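Spelled out, the chains give:
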Amino acid sequence: MTDTISAGSKTNFIYTKIREDLEKGILKDRPVHTRFPPEPNGYLHIGHAKAILLNYGIALDFKGKFNLRFDDTNPIKEEQEFVDSIIEDIRWLGADWEDRLFFSSDYFEVKYQFACRLVEAGRAYVCDLNQEEIREYRGTLTEPGIESPYRNRSAAENLDLFERMRKGEFASGSRVLRAKIDMASGNLNMRDPVIYRILHSSHHRTGDKWCIYPMYDFDHPFSDCLEGITHSLCSIEYTDHRPLYDWIVDNAVELMPEAVKYRSRQTEFARLNMTYTVMSKRKLRRLVEEKHVAGWDDPRMPTIAGLRRRGMTPQAIADFQKRVGVSRADSTVDLALLEHCIRQELETTAPRLMAVLDPIKVVITNWPAGKTELCEMENIPGNKSAGTRQVPFSGEIYIERDDFMEEPPKKYFRLAPGREVRLKGAYVIKCEEAIKDADGNINELRCTYDEQTRSGADTSGKKIKGVIHWVSVEHSVKITANLYDTLFTVENPEEDSEVEFTGHINPQSLIVCNDVPAEPAVAEAAPESRFQFLRKAYFYLDPEASSEGKPVFNRIVQLRDSWAKMKK
RNA sequence: UGGGGCGUAGCCAAGCGGUAAGGCACGGGUCUUUGGAAUCCGCAUGCGUAGGUUCGAAUCCUACCGCCCCAGCCA
């Protein structure tokens, strides 16, 4: 794994641009300063993680600063609950804003003052048109807009009206403050955009202090200026807003220079999409509300909370982000890349354990009755310091049902009638008989073991190709394993115009295995720890779902399986 | 049909006039008491298309094609 959050792909266009800015000296004495500006109206997902890690990584790489600033300018949609979950998620990811946790709402007063200066300068006006009228006056994509009849009110009248808007003299939606720019612009964002609206609504932080709230296009660039943000990164759909961003910054520099720490500039990059999932807040909400998943933190969700619950690590997500890179092109990254990142980390960090997800019993007929032997096994192969453990072996064990085949195809080298296989860390056994019930189902295998083949002390000279895992029946501990798979059956659930995305939900996205026999060491597993269940998959001990003596493991990702591929 | 953005391998992505990095995926070999891991090899005479400039073009010019975004008092 490429190490930390920083030291990412240093060849992306944003890094190039920052280096150029530094060389040109346009930052003056200021450090490179980025920010992540979430709106507290929902949960963060892995697309946000890309933005967080990019912004924070830049601060680390350029020895700059990183702010966390909540964009809380719309009291109707925002809640403290989301502020809390977002903070938790960003902390978990490892981004550090030090003492710079800010809220857009912290700056409402100075923003109001700035708006007043815009009004005084004749660059903003109070408009009495209602919402529908404003839309009509705006024109269309191909036709210019027409000017509002209120566009040329005097500065004095505008100032008076704006002050009274603040005082609460007018009803919600009855008037707005608009920037006076260009109703004929080909860029709709420049057709006298609304910058303040009346909302008689209680705000999660400012309560009822305000009844007018700034719009994003006015608020964001100004907040960036106040905080001295040098590089304001956002997603590509804001490209059209950049002229307006610059308009606000230019006016701030001219009309309120004392408040501007830096002439901030916006740079856009493509947001993250991933195969086999959806990323829009709206669609994720539907998955939750329509109960396709158990909640925002369901391990099948691409939310940070879901990934955490699945057992994903922040390091793997950071590694993923770096490997994905940053560009301006629309893209959909293969889920396989994320899986590769987490597998690579867990390969060297996750202790191994044996558990049999789909068990069939094996009776070893020549094993001395009642005898138990301890087999020493490495916790992490190739890592001596991770130590070993003793795994009890006896005459009755479980193996995976698919590690036996009555009529094996070519190249199948596990157990079959008359064939031998090694039990990992123990002995070689030979299948003598498959016991069938009345319906012809095989529910038990009779085998013999070769006592010369003891692991580490094999004197038999046998070359056994197949190695399988096992659990002693008598010593087994029962656990629950949640086998998670992709939430959707198709790479892009959104591309089909005939079928809604929910129509592609994978009915097998969660298979719950109860009473899974596992080796006794599983009882000592600590909540939130990760293991490899040998030959199967990596698992995470879910602290939410587990209870005393009832451990629940979530499958993080399967091991690569070249046998499964061969079968296709 | 207005404005903006983007097209380099199956998926990401470097490249900025000197002859196509890297990763994932995929295919094959070696090794292996995890069909895991490790390791080696292969994988774009080609950069949306067509012209042009140049000794030389993915990089510059022209035209065309395709995809994405914008008409919230959301962010």
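Residues numbered from 1 in each chain as written. Chains lettered and ligands numbered in written order. Predicted model: local features only at pLDDT ≥ 70, side-chain atom pairs only at ≥ 80, totals over all residues. Heavy atoms only, no water.

### Section: the overall build of chain A
The condition is simple: Per the convention used, a helix needs a DSSP run of H or I reaching at least four residues, while a strand needs a run of E reaching at least two, with both numbered from the N terminus. C-alpha atoms define the radius of gyration, and 2.2 Å times the number of residues to the power 0.38 defines the globule rule. Accessibility here uses a 1.4 Å probe with only protein chains present; expressed as a share of the type maximum, an area under 20% marks a residue as buried, one over 50% as exposed, and anything in between as partly exposed. Any two residues whose heavy atoms approach within 4.5 Å at even a single point are treated as in contact. Surface accessibility follows the Shrake-Rupley procedure with a 1.4 Å probe radius. Residue values consider only the protein chains on display as shielding. Counted as positive: Lys and Arg. Counted as negative: Asp and Glu, with His and the chain ends omitted from the count. Charge placement uses NZ in Lys and CZ in Arg. For Asp and Glu, CG and CD serve respectively.
Across its full length, chain A carries 13 helices and 24 strands. Relative to its length of 568 residues, chain A is extended, with a C-alpha radius of gyration of 31 Å against a globular reference of 24 Å. With respect to the principal axes defined by its C-alpha atoms, chain A has extents near 100 × 50 × 45 Å. The proportion of buried residues among the 568 residues of chain A is 53%. Nonlocal contacts in chain A, meaning residues at least 24 apart in sequence, comprise 71% of its contacts between residues at least 6 apart. If you sum the accessible surface of chain A, you get close to 25900 Å²; carbon and sulfur atoms cover 47% of it. Positive and negative charge centroids in chain A, built from 79 and 90 side chains respectively, lie 4 Å apart.

### Comments concerning the packing of helix H4 (residues 108-120) against helix H8 (residues 242-255)
What counts is decided by this rule: A fitted line through C-alpha atoms represents every axis, and for helices the fit uses only the stretch in contact; the resulting angles, taken between N-to-C directions, go from 0 to 180 degrees. For classification, angles of less than 35 degrees are called roughly parallel, those exceeding 145 degrees roughly antiparallel, those between 65 and 115 degrees roughly perpendicular, and all remaining angles oblique. In the scheme used here, Gly and all other residues not listed as nonpolar or charged are polar, with Ala, Val, Leu, Ile, Met, Phe, Trp, Tyr, Cys and Pro taken as nonpolar and Asp, Glu, Lys and Arg as charged.
H8 packs onto H4 with a crossing angle of 85 degrees between their chain directions and a minimal axis gap of 11 Å. Between H4 and H8, the angle falls in the class roughly perpendicular. Here Phe114, Arg117 and Leu118 of H4 lie close against H8, whose contacting residues are Trp247, Ile248, Asn251, Ala252 and Leu255. Along the lines of polarity and charge, the residues of the contact of H4 with H8 split into 6 nonpolar, 1 polar and 1 charged.

### A short note on the sheet that holds strand S18 (residues 467-468)
Where we set the bar: Strand pairing requires that DSSP identify at least two bridges connecting the strands.
Read from one edge to the other, the open sheet built from 7 strands follows the order S18-S15-S16-S17-S11-S14-S19, with strand pairing classed as mixed. Looking at strand neighbours, the two that pair on one side only are S18 and strand S19 (471-472), the edges of this open sheet. The pairing of strand S11 (residues 359-364) with strand S17 (residues 442-450) spans 4 bridges and is parallel. If you follow Ile364 over to S17, its bridge partner there is Cys447.

### With respect to the domain arrangement of chain A
The criterion, for reference: Where each domain starts and ends comes from a domain assignment, either automatic or drawn from a database. A quick way to say it: buried area is the sum, across both parts, of accessible area lost when two parts are put together, with a 1.4 Å probe. When a carboxyl oxygen of Asp or Glu is within 4 Å of a side-chain nitrogen of Lys or Arg, the pair counts as a salt bridge. Think of a polar contact as two N or O atoms within 3.5 Å of one another; within protein, one of them needs to be a possible hydrogen donor and the other a possible acceptor, and neighboring residues in sequence only count if both atoms come from side chains.
Taken domain by domain, chain A comprises domain 1 (2-269), domain 2 (281-351 + 479-567) and domain 3 (357-468). Just the C-alpha atoms count here: the centres of domain 1 and domain 2 sit 35 Å apart. Contact with domain 1, which involves 31 residues of that partner, is made by 24 residues of domain 2. When domain 1 packs against domain 2, the two sides together hide about 2500 Å² of surface, and 65% of this comes from carbon and sulfur. Counting the surface domain 1 buries against domain 2, the share from its top three residues, Tyr43, Ile46 and Trp92, is 30%. Remark: the boundary between domain 1 and domain 2 carries 3 salt bridges. Of the charged contacts in the structure, one is a salt bridge between Arg308 and Asp89, with a shortest N-O distance of 3.0 Å. One can count 7 residue pairs in polar contact (both at pLDDT 80 or more) joining domain 1 with domain 2. Sorting the residues of the side of domain 1 that touches domain 2 by element identifies helix H1 (13-24), helix H2 (46-61), helix H3 (80-93) and strand S9 (265-269) as the ones contributing at least two each. Per-element accounting of the side of domain 1 that touches domain 2 gives the leading share, 6 residues, to H2. Its residues assigned to classes, the side of domain 1 that touches domain 2 comprises 14 nonpolar, 11 polar and 6 charged.

### A look at the protein's contact with RNA strand B
The condition that has to hold: Residue proximity to a molecule or strand is established when one non-hydrogen atom of the residue lies within 4 Å of it.
With respect to spatial proximity, 70 residues lie near RNA strand B, and among them Thr73, Tyr238, Ser327, Arg352 and Ser455 are the closest. Near the protein, meaning within 4 Å, the atoms of RNA strand B are sugar or phosphate in a fraction of 67%, with bases accounting for the rest. Leu129 places a main-chain nitrogen or oxygen 3.1 Å from a base nitrogen of RNA strand B. In the environment of RNA strand B, a phosphate oxygen lies 2.8 Å from a nitrogen or oxygen atom belonging to the side chain of Arg535. Looking at the surface near RNA strand B, the elements with two or more residues in it are helix H5 (131-137), strand S6 (194-198), helix H11 (314-324), helix H12 (335-349) and helix H13 (562-567). In terms of residue class, the surface near RNA strand B is built from 25 nonpolar, 21 polar and 24 charged.

### Looking at the nonpolar core
Soluble, globular proteins show a tendency: their nonpolar side chains are buried together. Heads up, the rule is: The nonpolar core is taken to be a set of buried Ala, Val, Leu, Ile, Met, Phe, Trp, Tyr and Cys residues, with the residues joined through side-chain atoms within 4.5 Å.
With 53 residues, the main nonpolar core has Ile46, Ile58 and Ile90 as its most contacted residues. In terms of residue count, H2 provides more of this core than any other element does, 9 residues in total. Looking at this core, you find at least three residues from each of domain 1 (2-269) and domain 2 (281-351 + 479-567). Sequence-distant contacts of Ile90, that is, excluding residues within four places in its chain, are made with Phe36, Leu44, Ile52, Leu68, Ala95 and Trp97. Of all hydrophobic cores here, the second largest spans 39 residues; its members include Leu177, Ile195, Ile198 and Tyr213.

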